[in-house]
2 protein chains.
Amino acid sequence: MSIVVVGSVAFDSVTTPSGSVEGVLAGAATYFALAASFFAPVRVVGVVGDDFTSEHEEVFRKRGVDTCGIERAKGKTFRWGGHYLDNLNEAKTDYTELNVFENFQPQIPPAYRDSEFLFLANIHPRLQAQVAREMNGVRMTGGDTMNYWINSTPKELAETLRMVNVLLINDTEAKMIAGVANLPRAAQKVLAMGPQALVIKHGEYGATIFFREGAFGMGRHPFRAPALPMEEVKDPTGAGDSFAGGFMGYIASQEQLNREVLKRALFYGGVMGSFAVERFGTERLQSLTREEIEARFQIFRELTHLE
Amino acid sequence: MSIVVVGSVAFDSVTTPSGSVEGVLAGAATYFALAASFFAPVRVVGVVGDDFTSEHEEVFRKRGVDTCGIERAKGKTFRWGGHYLDNLNEAKTDYTELNVFENFQPQIPPAYRDSEFLFLANIHPRLQAQVAREMNGVRMTGGDTMNYWINSTPKELAETLRMVNVLLINDTEAKMIAGVANLPRAAQKVLAMGPQALVIKHGEYGATIFFREGAFGMGRHPFRAPALPMEEVKDPTGAGDSFAGGFMGYIASQEQLNREVLKRALFYGGVMGSFAVERFGTERLQSLTREEIEARFQIFRELTHLE
């Protein structure tokens, strides 16, 4: 079953303790699409500028990702520059050039309308809500957001949350939305705002999924997936979007939506995030094979599995 | 099989967002002993002052803990006062009165010498090394330390690490000892200093055990146990010592020492830590039953278990 992802396609310049790269293909929708493409057909809605070449296009094409929803606008593609110091969990932004992304108006191609899954990557919540309304026949809508929208557009974010089935955010974002410091209590408060399930990503410690009472017939018990302790993290950029791609992609590959599927999806999310950070930009996602994914899934499973 | 624990017995005054208590029985050795007592016989080596009454003694006695190694000295028992703000992971110290603990010289009673397990709670590494030397016939020595000793007595700590089989510390301490920001790399560096296994406690995210190559015949693959997302943490004090008590206690209750035992021990550590924080001081550990421990172990297991 197909997934539509709406979000940024960008060129990133990133410096980490392991090195640096200039203007590599990146953006939330890109990471998501490449990661999800190992599990299900993916369709992208985004915008790029004249500097987006056939070489960039080829990265999507090789993974079978449908790019007919990527609008070509006059001007430059969204560019982000940032660096990470020793604390790889925290990106420091050097510059943000929105360029053609500034006036992004997501257009869903007619051919995308039969998609059964929708992922709203981190963009203005007003745009997220617009797309969710247009695609309201989907089986599941996933979404992401960030501190900027939580602080500056809380009302519009609240509106979007009512249309999202599964929200994927990190600890800090969950506590900010809820205004509560305790994680499970923050989770309950976010769930009361709309989503049936809430995935909280803990970076190197894995992720937890919390369920609204009765959602998916799964009760309220949370579930946790570990993350693999990684000896080398070259570039943490895109880990969260790759996580979301693995999570939504795995769900879209399954007939049923039940607790066991969501649990495995959480593991696959962690697996895809762990690959993404092994190389700069999307390099590792581009070279990846399904066999490598399955092998790492087994390692993740063994990591916490009691006989 | 019996465990000797050497460490502090103290009276704590603690304020958290949930309330406050004055002068409650606490200290690393106390938390450890109570937690471990649900699994194996425990013997304590420590020092208290005249203010340690038969009521306090009774807390140990009720759990069958041997206190003949607790020296009664003239003066007051070690007192610690601290508070936690919204971030329950970080204790702010209001005062530390070492009192009789200042000149603590651990004396191992002859009756303790047949013990098969030893836990060196967080005290001066010179004292830890002394005890480890005296008790060098044990099957396994566990140990803890803290930032203060890592910074001020690195040489003495290094000496102690050569005598510890399993070190139990948190992320920050591991990175400080190793001088390395990446967790699995820091772990390998700490393991190279002596311990065969290193348990790194991640607070609300659980714990990871790393093995030295060949240690316990278990290869180098780490293992992770989750922690239960807790809606109410009344008092985080003693969580780490209770974790260590559950971990060492479970190991001491088993005939064999193999990977599966160590994995389960890590889960039991998390279980005991999760109980400790539910009430102020050692209150919850005092009221606990083995049935409650088993029930929570199953919840921890379910939390990450894939079919």
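To start, this report covers the structure provided alongside it. Just so you know, these numbers come straight off a predicted model, no measurement behind them.

### Section: the packing of helix 3 (residues 125-134) of chain A against helix 5 (residues 154-161) of chain A
Residue and element names in this part refer to chain A.
- Here helix 3 crosses helix 5 at 25 degrees, and the two axes come no closer than 8 Å. When the interaxial angle is binned, helix 3 and helix 5 end up roughly parallel. Between helix 3 and helix 5 lies a crossing of left-handed hand. Between helix 3, through Pro125, Arg126, Gln128, Ala129 and Arg133, and helix 5, the contact on the second element is made entirely by Glu156, Leu157, Glu159 and Thr160.

### Overview of the interface of chain B and chain A
- In this complex, chain B contributes 36 residues to the contact, which on the side of chain A involves 36 residues.
- The largest contributions to the chain B side of the interface with chain A come from B:Tyr205, B:Arg224 and B:Leu306, which together make up 25% of the buried area.
- Put simply, chain B and chain A have zero salt bridges between them.
- Linking chain B with chain A are 22 residue pairs in polar contact (both at pLDDT 80 or more).
- Mapped by element, the contributors of at least two residues to the side of chain B that touches chain A are helix 6 (171-178), helix 7 (183-191), strand 12 (207-211), strand 13 (223-225), helix 9 (259-276) and helix 11 (290-304) of chain B.
- With five residues, helix 11 of chain B is the single largest residue contributor to the side of chain B that touches chain A.

### Points about empty space enclosed by the protein
- This model, assessed by the stated rule, comprises three cavities of 30 Å³ or more.
- The space that makes up the largest cavity amounts to roughly 80 Å³.
- In terms of lining, the largest cavity is formed by A:His202, A:Tyr205, A:Arg224, A:Ala225, A:Pro226, A:Thr304, B:His202, B:Tyr205, B:Arg224, B:Ala225, B:Pro226 and B:Thr304.
- Put simply, the parts of the chain that give the lining of the largest cavity at least two residues each are strand 13 (223-225) of chain A together with strand 13 of chain B.
- Considered class by class, the residues forming the lining of the largest cavity number six nonpolar, four polar and two charged.

### What to know about the layout of surface pockets
- Considering only enclosed or pocket space, the second largest pocket measures out at about 460 Å³ in volume.
- If you trace the second largest pocket, you find 22 residues lining it, with A:Leu228, A:Pro229, A:Ile299, B:His221 and B:Pro222 closest to the centre.
- Contributing elements (two or more residues each) for the lining of the second largest pocket: helix 11 (290-304) of chain A together with helix 7 and helix 9 of chain B.
- For the lining of the second largest pocket, the element with the most residues is helix 11 of chain A, which contributes six residues.
- Its residues placed into classes, the lining of the second largest pocket shows 11 nonpolar, two polar and nine charged.

Calculation rules
Each chain has its residues counted from 1, following the order in which its sequence is written. The order in which chains are written sets their letters, starting at A; the order in which ligands are written sets their numbers, starting at 1. Local features in a predicted model are, by the rule used here, given only for residues with pLDDT of at least 70; side-chain atom pairs are given and counted only at 80 or more, and totals for whole chains, interfaces and linings are based on all residues. Excluding hydrogens and water, the side-chain values take into account all heavy atoms of the structure. Note on method: axes are straight lines fitted to C-alpha atoms, helices fitted across the in-contact stretch only, with angles between N-to-C directions ranging 0 to 180 degrees. For helices the rule is a DSSP run of H or I covering at least 4 residues; for strands it is a run of E covering at least 2, with both sets numbered from the N terminus onward. Each angle receives one of four descriptions, namely roughly parallel if under 35 degrees, roughly antiparallel if over 145, roughly perpendicular if within 65 to 115, and oblique otherwise. Handedness of a helix crossing follows the sense of rotation of the near helix relative to the far helix, less than a right angle counterclockwise being left-handed and clockwise being right-handed. By definition, residues are in contact when any of their heavy atoms lie within 4.5 Å. Throughout, buried area stands for the accessible area (probe radius 1.4 Å) lost by two parts on being put together, summed over both. Should a side-chain nitrogen of Lys or Arg be within 4 Å of a carboxyl oxygen of Asp or Glu, the pair is scored as a salt bridge. Polar contact criterion, stated in full: a pair of N or O atoms within 3.5 Å, where within protein one must be able to donate a hydrogen and the other to accept it, and residues adjacent in sequence count only if both atoms are side-chain atoms. Cavities and pockets were defined on a 1 Å grid built over protein atoms only: a cavity is a set of grid points that admits a 1.4 Å probe from which the probe cannot escape, a pocket is an open set flanked by protein on both sides within 12 Å along at least five of seven lines, and lining residues are those with an atom within 4 Å of any such point. Grid points are joined across faces, edges and corners, and a volume is the space filled by probe spheres set on the points. All residues other than Ala, Val, Leu, Ile, Met, Phe, Trp, Tyr, Cys, Pro, Asp, Glu, Lys and Arg, Gly among them, are scored as polar; the first ten of these are nonpolar and the last four charged.

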